[in-house]
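# Coordinate inspection notes
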Amino acid sequence: MKQTKYIFVTGGVLSSLGKGIAAASIGTLLKNSGLKVSILKADPYINVDPGTMSPFEHGEVFVTKDGAETDLDLGHYERFLDEDLSQLNNFTTGKVYQAVIEKERIGKYLGKTIQVIPHIVDEIKERIKQAATNQDILIVEIGGTVGDIEGLPFLEAIRALKLELGKANAMNIHLTLVPFIKAAGELKTKPTQHSVGELRRIGISPDMIICRSEKALDRDLKDKIAISCGVDRSCVIESVDATSIYQIPLNFLKQDILKAIASLLELKNLKPNMQIWDSLVKRVIAPQNELSIAFVGKYIDLKESYKSLTEAIIHAGAALDTRINLKWIDSEKLEDVEDELKDVSAILVPGGFGSRGVEGKIKAIQYARENKIPFLGICLGMQLALIEFARNVLKLEDANSMEFDEKCKNPIIYLIDEFIDTNGKKQLRTKKSPLGGTMRLGAYECKIKPNSLLSKVYAGKTVVHERHRHRYEANVKYKEDFEKHSLVVSGENDGLIEAVELEKHPFFLGVQFHPEFSSRLVEVNPVILAFIKAACNYDNA
Ligand code: GLN
């Protein structure tokens, strides 16, 4: 088996500095240099996974192909690396403890007292090594900030691992903030020095410092950081605020980051081919065309919860050389639909949970349907498109989703009585079923109806696999009725409805899956691309 080299990424001073993007950017450069690269995020919080966390707590829950509900950084990793990651690529303190306790219950530790050191730390090390299988490089991002109590076992694990692995097989990158103090007109290095001091106290010396800042760092400042943090001058990398996150790999490359990494890890010939990336980034930053689409959601003050979708739209914009301006519409406050939606080139209703804001979304869908404006409904968006149609075209009284009204007369969207548990087994849903991990999660097959819009979207493919995250399903009982009125089912999985579309409409598509989860800068998801293309072709004059 080949020896994987590890890059450990920690963060200091503040959270939200973009450690995930920095890790993903380095991964992109290494992958495009011909190496096999993977990234792992270790999250020190106690939840077993972020699946049960509110978007207010956590932003988006990203779903991997194999159905793991993970941190949103995994989305960045996939979008930058253009690789499918798995449940091995993200774990939390909760997951680590759960595994250790399960082993303890069945006597695996032969009567020993179970302790943070060595048992918890060993479990963390094992999980890191598992994710490294068959990789040239594994980048390991430790969530949180140095100094957090809950992060200590993770830092201890990477400290010990680096020692075990030996020189040239592991390096530490520490990402910090270099704030600009307006009153003094200066960038300040003290927080970086303190943060590195904190790292050293627990036995970790950084090999490279990435400095997040609003302004470029001059030579003297970089020298000061190098000396005070004990790293080589070539290992002080700045990460200045960028117009697009996709610029970051290129900004790192300009500073010769690969030369520094190559020398620390004894790697040869790191010459990445970034041509395609570079040309796409140019189109993200300064495209030829521009248009607006309405994004009708309920978390519009919380755009992080739609991260994969907003990124997928950027990917489509780059492919089509168009800037897509999002008109954020709070579905809860949507009253004058005509006034809000008359100037957009397309209407997007994303996924969501709970009844808040649902009626506004339904109004927006009706407007898109009746005025022949390109429409894409994703997950809840598709479910609501069916409800809108049932109410306004089929004139079905009390048409609703059982998610919002358990006893509605016409449950257009209903609860199927099975779910797949975390061990991949089919389980019957009961009132007592837990919330976590009981949805339809991960990639499922979607059989495409020939000659449909969906078939055109996927360039004639008859089967595709897309990722899911939902508890409710479209009720097949109404399929015939819908189809008689030209709302046809164009995607199916074993009797489950995966996609619906409206005939005699330029582009009206609802998908039960989340196409945004598999979109990449270099390979846009076909549904998102086709939707944005329809918006480009729409003339709203
Ligand atoms: N709330 C709906 C369900 O659980 C839709 C979920 C979603 O949009 N991700 O089925």
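Residues numbered from 1 in each chain as written. Predicted model: local features only at pLDDT ≥ 70, side-chain atom pairs only at ≥ 80, totals over all residues. Heavy atoms only, no water.

As named in an unreviewed UniProt entry, the protein chain is CTP synthase, taken from Campylobacter avium LMG 24591. UniProt, in the comment section headed Subunit (unreviewed entry), describes the protein chain in these words: "Homotetramer." If you open the UniProt record of the protein chain and go to Sequence similarities (unreviewed entry), you find "Belongs to the CTP synthase family." (UniProt positions renumbered as here; feature names shortened; annotations may be inferred.)

The next thing to look at is the packing of aromatic side chains. Evaluated as defined, the whole model comprises 13 aromatic pairs. A ring pair is formed by Phe62 and Phe517, whose centres lie 5.2 Å apart and whose planes are at 80°; its orientation type is edge-to-face. One end of the pair, Phe62, is in strand E3 (residues 62-63); the other, Phe517, is in the loop between strand E25 (508-511) and helix H18 (526-537), with 455 residues separating them in the sequence. In terms of burial, Phe62 and Phe517 fall into one category: buried. With a centroid separation of 5.9 Å and an interplanar angle of 65°, the aromatic rings of Tyr246 and Trp277 are classed as edge-to-face. With Tyr246 in the loop between strand E11 (236-240) and helix H9 (248-254) and Trp277 in helix H11 (residues 275-285), the pair connects residues that are 31 residues apart, well separated along the chain. The exposure class of Tyr246 is buried, given its relative accessible area of 1%. Assessed through its relative accessible area of 4%, Trp277 is described here as buried. Each member of the aromatic cluster is reached from another via a ring pair, and the members are Phe295, Tyr299, Tyr306 and Trp328. (Phe/Tyr/Trp six-rings, centres within 6.5 Å; stacked < 30°, edge-to-face > 60°. Helix = DSSP H or I, 4+ residues; strand = E, 2+ residues; numbered from the N terminus. Buried < 20%, exposed > 50% of the residue type's maximum accessible area, 1.4 Å probe, protein only.)

What follows is about the site of the ligand. Near the ligand the following residues occur: Gly351, Gly352, Phe353, Cys379, Leu380, Gln383, Glu403, Arg469, His470, Arg471, Tyr472 and His514. With respect to the ligand, the backbone of Leu380 contributes an N or O atom lying 3.0 Å from an oxygen atom. Measuring from a nitrogen atom of the ligand, one finds a backbone N or O atom of Arg469 at 2.8 Å. Protein chains shield 98% of the accessible area of the ligand, which is 300 Å² for the free molecule. Of all the secondary-structure elements, those providing two or more residues to the shell around the ligand are helix H15 (380-392) and strand E21 (463-470). Residues belonging to the shell around the ligand are distributed by class as follows: four nonpolar, five polar and three charged. (Near = heavy atom within 4 Å. Polar contact = N/O pair within 3.5 Å; in protein donor to acceptor, adjacent residues only side chain to side chain. Areas by Shrake-Rupley, 256 points an atom, 1.4 Å probe, with all protein chains shown as cover. Nonpolar A, V, L, I, M, F, W, Y, C, P; charged D, E, K, R; others polar.)

The terminal C-alpha atoms of H15, which comprises 13 residues, lie 18 Å apart, in line with the 18 Å expected from a rise of 1.5 Å per residue. Counting buried residues in H15 gives 11 out of 13 residues, a clear majority hidden from the surface. Here H15 has its buried residues at Leu380, Gly381, Met382, Gln383, Leu384, Ala385, Leu386, Ile387, Glu388, Phe389 and Ala390. (Expected span 1.5 Å × (residues − 1).)

For the rest of this paragraph, the subject is helix H3 (residues 72-81). Most of H3 sits out of view: 10 of its 10 residues are buried. Along H3, the positions that sit buried rather than exposed are Leu72, Asp73, Leu74, Gly75, His76, Tyr77, Glu78, Arg79, Phe80 and Leu81. Its side-chain oxygen placed 2.8 Å from the backbone nitrogen of Asp73, Asp71 serves as the N-cap of H3. Taken from the residues just after H3, Asp82 is the one with a positive phi, measuring 55°.

Another point: the sheet that holds E11. In spatial order, the strands read E5-E2-E6-E1-E7-E10-E11; together these seven strands make up an open sheet with parallel pairing. The sheet terminates laterally at strand E5 (90-92) and E11, the two strands that pair on one side only. Going from strand to strand, the sheet's axes swing by 20° on average, the running direction of each strand aside. Of the strand pairs in this sheet, strand E2 (residues 37-43) and strand E6 (residues 137-142) are connected by six bridges, and their pairing is parallel. If you follow Ala42 over to E6, its bridge partner there is Ile142. Contacts from helix H6 (residues 152-165) reach strand E1 (5-11), E2, E5, E6 and strand E7 (170-177) within the one sheet, and its direction differs from that of E1 by about 150°. Across the face of the sheet, helix H7 (residues 190-201) comes into contact with E1, E7 and strand E10 (208-213) while running at roughly 140° to E7. (Pairing = 2+ DSSP bridges. Axes fitted to C-alpha atoms, helices over the stretch in contact; angles between N-to-C directions. Contact = heavy atoms within 4.5 Å.)

Mapped onto the secondary structure, Lys103 falls in helix H4 (residues 93-105). The class for Lys103 is partly exposed, based on a relative accessible area of 29%. Ignoring any residue separated from it by four or fewer positions in sequence, one finds Lys103 in contact with Lys108, Tyr109 and Glu123. A polar atom in the side chain of Lys103 sits 2.6 Å from the side chain of Glu123.

Turning our attention to the side chain of Lys307. Within the secondary structure, Lys307 sits in helix H12 (residues 307-319). Apart from residues no more than four positions distant in its own chain, Lys307 is found in contact with Glu60, His76 and Arg79.

It is the contact of helix H1 (residues 19-31) with helix H10 (residues 257-265), at a shortest axis distance of 11 Å, that shows an interaxial angle of 80°. Our classification of the angle between H1 and H10 gives roughly perpendicular. Residues Ile26, Leu29 and Leu30 of H1 pack against Ile257, Leu258 and Ile261 of H10. Residue composition of the contact of H1 with H10, grouped by class: six nonpolar, no polar and no charged. (Parallel < 35°, antiparallel > 145°, perpendicular 65-115°, else oblique.)

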